[in-house]
Amino acid sequence: MLGRLNHVAIVVPDLKAAMETYRQSLGATVTEPEILPDHGVTVVFVELPNTKIELLEPYGEGSPVAAFLEKSPSGGMHHVCYEVDDILAARDRLKGEGARVLGDGEPKIGAHGKPVLFLHPKDFCGTLVELEQA
Ligand code: CO
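Worth saying up front: this structure is predicted, and the values here are computed from it rather than measured.

*Asks:* Would you mind going over the pattern of salt bridges with me for this structure?
*Replies:* Working definition: two side chains of opposite charge can pair if their charged atoms are close together. Summed over all chains, the structure comprises six salt bridges. Overlapping salt bridges bring together R91, D92 and E106 as one network.

Shown next, in the form of structure tokens:
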């Protein structure tokens, strides 16, 4: 069911500082910030040869990543994103196996303009998993 690793996401308290770290210290290519109001985040992508790193900063009231920063003020790894061919088929299969899909269970459009879903960390080795239809 799983395809490529699309990205690993890291929540940061200061997106500009994080972009600077990846550009200057690590010499990486970093995209310009994009606000995703529906997801409550501002996002950039660090482009690597084989995958991407998503840097997330909270945006607006009630951002889903604000609580994460309260627990880990210096930031940290937030989720991994795997590609799937058919997100609805993947969701139905996982639900049939008892896995919990976050939110209302309907895919939302993610940072790449493609449908995404999030799976409960307690069902997946303590890691928040995002599925993106490739
Ligand atoms: Co993501």
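That covers the picture; the talk isn't over yet.
*Asks:* Sorry if this is basic, but what is going on with the nonpolar core here?
*Replies:* Nonpolar side chains tend toward joint burial in soluble globular proteins. Grouped together as the largest cluster of nonpolar side chains are 23 residues, with contacts concentrated most on V46, L55 and L131. Elements that contribute at least two residues to this core include exactly α1 (15–25), β4 (41–47), β5 (52–58), β6 (76–84), α3 (87–96), β8 (115–119) and β9 (128–133). With four residues, the single largest contributor to this core is α1. Among residues more than four places away in sequence, those in contact with L55 are I10, V12, L15, A18, M19, Y22, T42, V43, V44 and V46. Counting residues in each nonpolar core, the second largest holds 10 residues, with A9, V11, F45 and L56 among its members.

*Asks:* I would appreciate a short explanation of the coordination of the cobalt ion in the present structure.
*Replies:* Around a metal, the idealised angle for a tetrahedral arrangement of four donor atoms is 109.5 degrees; for an octahedral arrangement of six donor atoms it is 90 or 180 degrees. Within the protein, H7 (NE2), E54 (OE), H79 (NE2) and E130 (OE) serve as the donor atoms for the cobalt ion, at 2.0 to 2.4 Å. Coordination geometry of the cobalt ion: the four donor atoms subtend angles of 83 to 171° at the metal centre, consistent with an arrangement described as irregular. Counting gaps between the donor residues of the cobalt ion yields the pattern H-x46-E-x24-H-x50-E. Residue H7 is located in strand β1 (residues 5–11), and its partner E54 is located in strand β5; the two are separated by 47 residues in the primary sequence. E54 shares its class with H7; the two are buried.

*Asks:* Teacher, can you tell me more about α3 here?
*Replies:* An α-helix turns once every 3.6 residues. As a result, residues three or four positions apart point the same way. Here α3 has its buried residues at I87, A90, R91 and L94. Here the buried residues of α3 occupy an arc of 100° about the axis, which is enough to place them on one side. Tucked into the core, α3 has its buried residues touching β6, β8 and β9. The N-capping residue of α3, defined by a side-chain oxygen 3.1 Å from the backbone nitrogen of L88, is D86. Of the residues trailing α3, G98 is marked for its positive phi of about 95°.

*Asks:* What am I meant to see in unusual backbone geometry here?
*Replies:* Note on backbone geometry: most residues besides glycine have negative phi, and most peptide bonds are trans. One non-glycine residue with positive phi stands out, namely C125, at about 60°. Looking at the secondary structure, you find C125 in the loop between β8 and β9. Using a relative accessible area of 79% as the deciding quantity, one classes C125 as exposed.

*Asks:* What am I meant to see in the pairing of β1 here?
*Replies:* Remember that side chains alternate between the two faces of the sheet whenever the strand is regular. Across the seven residues of β1, five count as buried, placing the element largely inside the fold. Bridge analysis of β1 against β6 gives six bridges, and the strand direction is antiparallel. When the bridges of β6 are listed, H7 appears paired with C81. Here five bridges tie β1 to β5, and the two strands are oriented parallel to one another. Across the sheet, the residue bridging to I10 is L55, located in β5.

*Asks:* Where do I start with the layout of surface pockets in this structure?
*Replies:* Over the atoms, a rolled probe matching the size of one water molecule traces out where space is still vacant. Roughly 580 Å³ of volume is contained in the largest pocket. Contributing elements (two or more residues each) for the lining of the largest pocket: β4, β5, β6, β8 and β9. A per-element tally of the lining of the largest pocket places β8 first, with three residues. Of the residues that constitute the lining of the largest pocket, the class distribution is 14 nonpolar, nine polar and six charged. Size it by volume and the second largest pocket reaches roughly 170 Å³. As for the second largest pocket, its lining consists of P64, A67, F68, K71, S72, H78 and L128. Ranked by the residues each element gives to the lining of the second largest pocket, the list is headed by helix α2 (residues 66–71), at three residues. Taken together, the residues of the lining of the second largest pocket sort by class into four nonpolar, two polar and one charged.

The rules behind the values
Residues numbered from 1 in each chain as written. Predicted model: local features only at pLDDT ≥ 70, side-chain atom pairs only at ≥ 80, totals over all residues. Heavy atoms only, no water. Salt bridge = Lys/Arg side-chain N within 4 Å of Asp/Glu carboxyl O. Core = buried A, V, L, I, M, F, W, Y, C linked by side-chain atoms within 4.5 Å. Buried < 20%, exposed > 50% of the residue type's maximum accessible area, 1.4 Å probe, protein only. Helix = DSSP H or I, 4+ residues; strand = E, 2+ residues; numbered from the N terminus. Contact = heavy atoms within 4.5 Å. Donors = N, O, S within 2.8 Å, 3.2 Å for Na, K, Ca; no water. Tetrahedral: all angles 85-135°; square planar, octahedral: opposite > 155°, others 65-115°. Arc of directions from axis to C-beta. Polar contact = N/O pair within 3.5 Å; in protein donor to acceptor, adjacent residues only side chain to side chain. Pairing = 2+ DSSP bridges. 1 Å grid on protein atoms, 1.4 Å probe; cavity = no way out; pocket = protein on both sides within 12 Å on 5 of 7 lines; lining within 4 Å. Points joined across faces, edges and corners; volume = space filled by probe spheres on them. Nonpolar A, V, L, I, M, F, W, Y, C, P; charged D, E, K, R; others polar.

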